[in-house]
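# Fold and contact review
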Amino acid sequence: MPEHELAHWLPDLECIEMPLGAVLYESGGHLSHVYFPISSIVSLLYVLADGGSAEIAVVGKEGLIGVSLFMGGQTTPSRAVVQSAGQALRLKAHLMMTDFNRAGDVMHLLLRYTQALLTQMSQTAVCNRHHSLEQQLCRWLLMSLDRLDGNDLVMTQELIANMLGVRREGVTEAAGRLQKAGLIQYRRGHITVHDRVAIEQRTCECYAVVKREYDRLLPIPASD
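This text gives an overview of the structure that appears in the document.

Parameters and conventions
Residues numbered from 1 in each chain as written. Predicted model: local features only at pLDDT ≥ 70, side-chain atom pairs only at ≥ 80, totals over all residues. Heavy atoms only, no water. Phe/Tyr/Trp six-rings, centres within 6.5 Å; stacked < 30°, edge-to-face > 60°. Helix = DSSP H or I, 4+ residues; strand = E, 2+ residues; numbered from the N terminus. Buried < 20%, exposed > 50% of the residue type's maximum accessible area, 1.4 Å probe, protein only. Contact = heavy atoms within 4.5 Å. 1 Å grid on protein atoms, 1.4 Å probe; cavity = no way out; pocket = protein on both sides within 12 Å on 5 of 7 lines; lining within 4 Å. Points joined across faces, edges and corners; volume = space filled by probe spheres on them. Nonpolar A, V, L, I, M, F, W, Y, C, P; charged D, E, K, R; others polar. Salt bridge = Lys/Arg side-chain N within 4 Å of Asp/Glu carboxyl O. Patch = residues over 30% accessible without salt bridge, like charges linked within 9 Å, V, L, I, M, F, W, Y side chains within 5 Å. Areas by Shrake-Rupley, 256 points an atom, 1.4 Å probe, with all protein chains shown as cover. Expected span 1.5 Å × (residues − 1). Axes fitted to C-alpha atoms, helices over the stretch in contact; angles between N-to-C directions. Parallel < 35°, antiparallel > 145°, perpendicular 65-115°, else oblique. Left-handed = near helix turned anticlockwise from the far one by under 90°. Pairing = 2+ DSSP bridges.

### Notes on the packing of aromatic side chains
Counted according to the given criterion, the structure contains 3 aromatic pairs. Each ring, one from Tyr 113 and one from Tyr 214, has its centre 6.5 Å from the other, and the planes form 75°; the classification is edge-to-face. Of the two residues, Tyr 113 sits in helix H3 (residues 105-130) while Tyr 214 sits in helix H8 (residues 206-217), which places them 101 residues apart along the sequence. Its relative accessible area of 7% is what places Tyr 214 among the buried residues.

Structure below.
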């Protein structure tokens, strides 16, 4: 974001804690704020009528929670749940919309991010349909690592199963194979990735497709 636009928002940005499992909004809920994760990760889940759910996208320090606000609606069919605890910046929805409606740099940046997010959602749907659970788990681990500093994830296998929309036993088996190969270590709700390169080799093409699109649409500016 251009510095002059960021300076305009700074007085209204509120830094908040994002505890593991916190629900930022429910399906159909009104969006009063948008959230910019700093050190946290948020999962967007589609919730079925019977209460089942599956992750459709993951959002971290590269993005924001609340794109449906400026895409023409005040509500969303997904649920937003904190997947990895940390902090985020929160901004009132009407302030976001004021800048978006000026059709300047903020609008163009948010639309590019939305295109990247839609790519992730569509690729997730393809991955869940055509690729093995181990490949899905590897993709999920890599996307989570991209949004965190370090190689440690605070995450139970039950929560991973809920995110992927599969049985916990399947996640246990897939994670066990990765651990046996020395790629990860799982203990008491913590996953430590020891060999990212090997995990990239085991995952499907979906991770690379999504990463290329994010890098293309949201390039990191070169430091001075």
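Still more ground to cover, so stick around.
### Observations regarding the side chain of Thr 114
Of note, Thr 114 is situated in helix H3. Looking at Thr 114, the relative accessible area reads 5%, which means it is buried. Apart from residues lying up to four places away in sequence, Thr 114 is in contact with Val 67, Phe 70 and Met 71.

### Some points on the layout of surface pockets
The volume enclosed by the largest pocket comes to roughly 1,100 Å³. In terms of lining, the largest pocket is formed by 29 residues, of which the most central are Lys 61, Glu 62, Gly 63, Leu 109 and Leu 218. Where the lining of the largest pocket is concerned, the elements lending two or more residues are helix H1 (3-9), strand E3 (33-37), H3, helix H4 (133-146) and H8. If one sorts the elements of the lining of the largest pocket by residue count, H8 sits on top with 5 residues. Its residues placed into classes, the lining of the largest pocket shows 21 nonpolar, 1 polar and 7 charged. The calculated volume of the second largest pocket comes to roughly 200 Å³. Among the elements of the structure, strand E4 (41-47) and H3 are those that each provide at least two residues to the lining of the second largest pocket.

### Some points on the pattern of salt bridges
Applying the stated rule across the entire model yields 13 salt bridges. With a closest N to O distance of 2.9 Å, Arg 202 and Glu 134 form a salt bridge. One end of the pair, Arg 202, is in helix H7 (residues 196-202); the other, Glu 134, is in helix H4, with 68 residues separating them in the sequence. Using a relative accessible area of 34% as the deciding quantity, one classes Arg 202 as partly exposed.

### Some details on a nonpolar patch on the surface
A cluster of nonpolar residues, Met 1, Leu 6 and Leu 10, forms a patch on the protein surface that exposes about 260 Å² of accessible area. Position of Met 1 among the secondary structure elements: in the segment before H1. Residue classification places Met 1 among the partly exposed residues on the basis of a relative accessible area of 41%.

### Section: the environment of Leu 95
Looking at the secondary structure, you find Leu 95 in helix H2 (residues 93-100). Judged by its relative accessible area of 24%, Leu 95 falls in the partly exposed class. When the C-alpha atoms of Leu 95 and Thr 114 are compared, they prove to be 18 Å apart, with 19 residues separating the residues in sequence. What Leu 95 contacts, discounting residues up to four positions off in sequence, is Trp 9 and Asp 12.

### Focus on H4
If you check H4, its first and last C-alpha atoms are 20 Å apart, about what 14 residues at 1.5 Å a residue would give, namely 20 Å. With 11 of 14 residues buried, H4 is to be regarded as a mostly interior element. Among the residues making up H4, those that are buried are Glu 134, Gln 136, Leu 137, Cys 138, Arg 139, Trp 140, Leu 141, Leu 142, Met 143, Ser 144 and Leu 145.

### Topic: the packing of H4 against H8
For the pair H4 and H8, the least separation of the axes is 9 Å and the interaxial angle reads 25°. For the element pair H4 / H8, the angle class is roughly parallel. Taken as a pair, H4 and H8 cross one another with a handedness that is right-handed. Along the contact surface, H4 presents Arg 139, Leu 142, Met 143 and Asp 146, while H8 presents Cys 206, Tyr 207, Val 210 and Lys 211. Looking at the contact of H4 with H8 residue by residue, the classes come out as 5 nonpolar, no polar and 3 charged.

### Focus on the sheet that holds strand E9 (residues 184-187)
Pairing in this open sheet of 3 strands is antiparallel, and the strands run E8-E10-E9 from one edge to the other. Taken across any chain shown, the strands that pair with only one partner, and hence form the sheet edges, are strand E8 (152-154) and E9. With direction set aside, neighbouring strand axes in the sheet form an average angle of 15°. Direction of pairing for E9 relative to strand E10 (residues 190-193): antiparallel, over a ladder of 4 bridges. Counted as the bridge partner of Arg 187 is His 190 from E10.

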